[in-house]
Amino acid sequence: MLRLEPRPQPSAALAALAPVAALVLTVLLGAALFAALGRDPLDALRLFFLEPLRSGYALSELAVKAVPLALIALGLAVCFRANVWNIGAEGQFVAGAVCAGGVALQAGPATGGWIVLPILLAAILGGMLWAALVALLRDRFGASEILVSLMLVYVAIQGLDWLVHGPWKDPQGYNFPQTAGFAPGTRIPRLVAGWRLDLGAPLAVAAAAAVWLLMSRSFAGFRLQVGGLAPDAARYAGFSARGALWTALLLSGGLAGLAGGLEAAGPLGQLTPHLPVGYGFAAIIVAFVGRLHPFGVVAAALLMSLLYIGGELAQSRIGLPKSLTGVFQGLLLFALLACDTLLQYRVRRARPGAA
Amino acid sequence: MNELALLVAATLNGGTVLALAGLGLLLNERAGIVNLGAEGMMLVAALAGFAAAHATGSDAAGFAAGALAGAALAALFGALVIGLHTDQYATGLALSLFGAGLSAFAGVDYTARTLPPRPRFALPGLAELPWLGPALFRQHPLVYASIALAAGLAWFLLRTRAGLVLRAVGESPESAHALGLPVRRIRLAAVTAGGALCGLAGAYLSLVYTPLWVEGMTAGRGWIALALTTFATWRPARVLLGAYLFGGVTMLQFHLQGRGVELPSQLLSALPYLATIVVLVLISRSPAWIRANMPAALGKPFVPGA
């Protein structure tokens, strides 16, 4: 019989190693899956993991997808550290995009680039509002934030669907369910001509730095984490659990909303029912793979973006469904959770006769 | 059938999906394990059930495949949570995300397929009764089985020794362990059985309720089933009641649309989710009542000897 025995001291090096081990495990499982599907595993893995890194443009596309993932996951990392289970970031993302879209649709052809600022502020407020509903119901009535935040995802998606089928439908849109294209002034400024990479990238990096300052260098961040790790100790120290709940949810809602606004006014340039593509759910994995640490989250977001682009390539080049990405994402989180334990515990052969 | 009978029939039909999954999750939670992976298990099971029924032409094979798929995924979850002490919430989320991805990936070839029409089941004699006869007695056998299951589960949990042991494991795994009960094996068994029920629910969805396979077709039902266990304060009969309530709300949207009520269809589609939030808020207002009924060790890991 094998048994698990806790290591006397959880090693920091091993904790950082777990995501790498998980990635290796995922790649191996992926290779097995490709082989089972009758594809050359090496060829498919090259397509998935190397092809998206081949050129400057490819790398910029990688960053474009990583931006929303990183922004959302940064907020989720704060939530999870505070033991607040916000799993409805997808809804907050949609709410942010809708609010951003509401402002962007007011812009005319002559509107200047200043409009981007109100668009992004509206996006942040929209995401915060959607998350505030969760905080309110949790705080006031004790309703589970897991279920409320998740249910609100479906409500937000239906809301978006209603807007683009109804009041906000483009009258010149050949009856397609979508808003009119936003005016040129609303476009999030791009960093390099010819690339889609825009202001979102520096914003995401700044957000990572800000979250790092909050969590590692501020008393407020310390209180949040104590509340998550040891609620009794936090109560004894007089740290407010309600404060932590509201802070974590408003922060993550705001960041998810910002991501939604950047997506709507950036790569999309209009609102359509295809806006939500699951970034809010993938960001949960990003947060865990990034060890709930802001800089880890940025690295994990790039990795997850790689999986998205790899999935698209697998579809266009070798005719495998794009949803392969979802399989890899799930495998990655499973592998990480398993590796975590195996690195925190020692596997020991149980002595005969021991329970 | 008259209008009321149609509504009742549809409510029973829609409620059964939630009832089966809710009862499975209740079994998990009575043993102290929260499985947030219900949505993923139901999706994979819906696909497995549909594919098996499509290949064999037999519904029974479909249901068996669905239950088996649910049980297999639940066993994976159990191995991680119980064997490797991973976080229950994170692992359950991983299962939900993995299930959604896996079923979307493996189900691509099944999206356009249909199942051959099958004869409708009817309880002889009773189905011809006027008024509600057809609504109540012309349902799929699993509808009646789920009612029997709720009764059986209540009896098992409250009246049998094995049920007492299961509840003890959910209330205080340490004490149960001290008594020499194999806590982890019991938890794994409960999780696997719960997964099989979630799998049946998924298969019911793709074989009876729609009957089609569509990516993401559970549309949050796994999560609503999770909410149901809390609403029901972990009582099987109340899970059943809640399931029909939500089945009814879901059906109300078609009913209202059919009557020409001028409401955006999206608002009606959002109704079940809004209703879940409202009921959750109403129920959660008395935390003492919930706490009194909640298995004391719910969601807490058990590490023997720690």
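Residues numbered from 1 in each chain as written. Chains lettered and ligands numbered in written order. Predicted model: local features only at pLDDT ≥ 70, side-chain atom pairs only at ≥ 80, totals over all residues.

**Quick notes on the overall build of chain B**
Per the secondary structure count, chain B includes 13 helices and 0 strands. Here the C-alpha radius of gyration of chain B, 19 Å, is about what a compact globule of 306 residues would show, namely 19 Å. The C-alpha extent of chain B, read off along each of the three principal axes, is 60 × 45 × 40 Å. Counting only residues that meet the buried cut, chain B has 52% of its 306 residues in that class. Nonlocal contacts in chain B, meaning residues at least 24 apart in sequence, comprise 78% of its contacts between residues at least 6 apart. (Helix = DSSP H or I, 4+ residues; strand = E, 2+ residues; numbered from the N terminus. Rg over C-alpha atoms; globule rule 2.2 N^0.38 Å. Buried ≥ 20, exposed ≤ 12 C-beta atoms within 10 Å, placed from the backbone. Contact = placed C-beta atoms within 7 Å.)

**Quick notes on the interface of chain A and chain B**
Between chain A and chain B, the residue contacts involve 36 residues of the former and 37 residues of the latter. Ranked by residues supplied to the side of chain A that touches chain B, first place goes to helix H13 (residues 324-344) of chain A with 12 residues. Here the residues of the side of chain A that touches chain B are counted per class, giving 25 nonpolar, 9 polar and 2 charged. (Nonpolar A, V, L, I, M, F, W, Y, C, P; charged D, E, K, R; others polar.)

**Considering the confidence of the model for chain B**
On average, residues of chain B score 88 in pLDDT, and 95% of them are at 70 or above. This complex was scored by the predictor with a pTM of 0.91 and an ipTM of 0.88. (pLDDT = per-residue confidence, 0-100.)

**Focus: the nonpolar core**
Counting residues in hydrophobic clusters, the biggest one holds 226 residues, and the most contacted among them are A:Ala70, A:Ile72, A:Ala73 and A:Val286. Top contributing element to this core by residue count: helix H9 (residues 183-209) of chain B, with 16 residues. Residues in contact with A:Ala70, not counting those within four places in the same chain, are A:Ala204, A:Ala208, A:Val297, A:Val298 and A:Ala301. (Core = buried A, V, L, I, M, F, W, Y, C linked by C-beta atoms within 7 Å.)

**Let's talk about helix H3 (residues 56-81) of chain A**
Residues and elements named next belong to chain A. Here H3 is 26 residues long and its end C-alpha atoms lie 35 Å apart, about the 38 Å a rise of 1.5 Å per residue gives. At alanine 66, H3 shows its largest kink, close to 35°, and the proline proline 68 lies no more than four residues downstream. The positive-phi residue at the C-terminal boundary of H3 is asparagine 83, with phi of around 60°. (Expected span 1.5 Å × (residues − 1). Bend = angle between axes of the 7 residues up to and from the residue.)

**So, helix H10 (residues 221-231) of chain B**
Residue and element names in this part refer to chain B. The element H10 is largely enclosed, with a buried count of 11 among its 11 residues. Taken together, the buried positions of H10 are occupied by Arg221, Gly222, Trp223, Ile224, Ala225, Leu226, Ala227, Leu228, Thr229, Thr230 and Phe231. In the stretch just after H10, threonine 233 is the one whose phi turns positive, near 40°.

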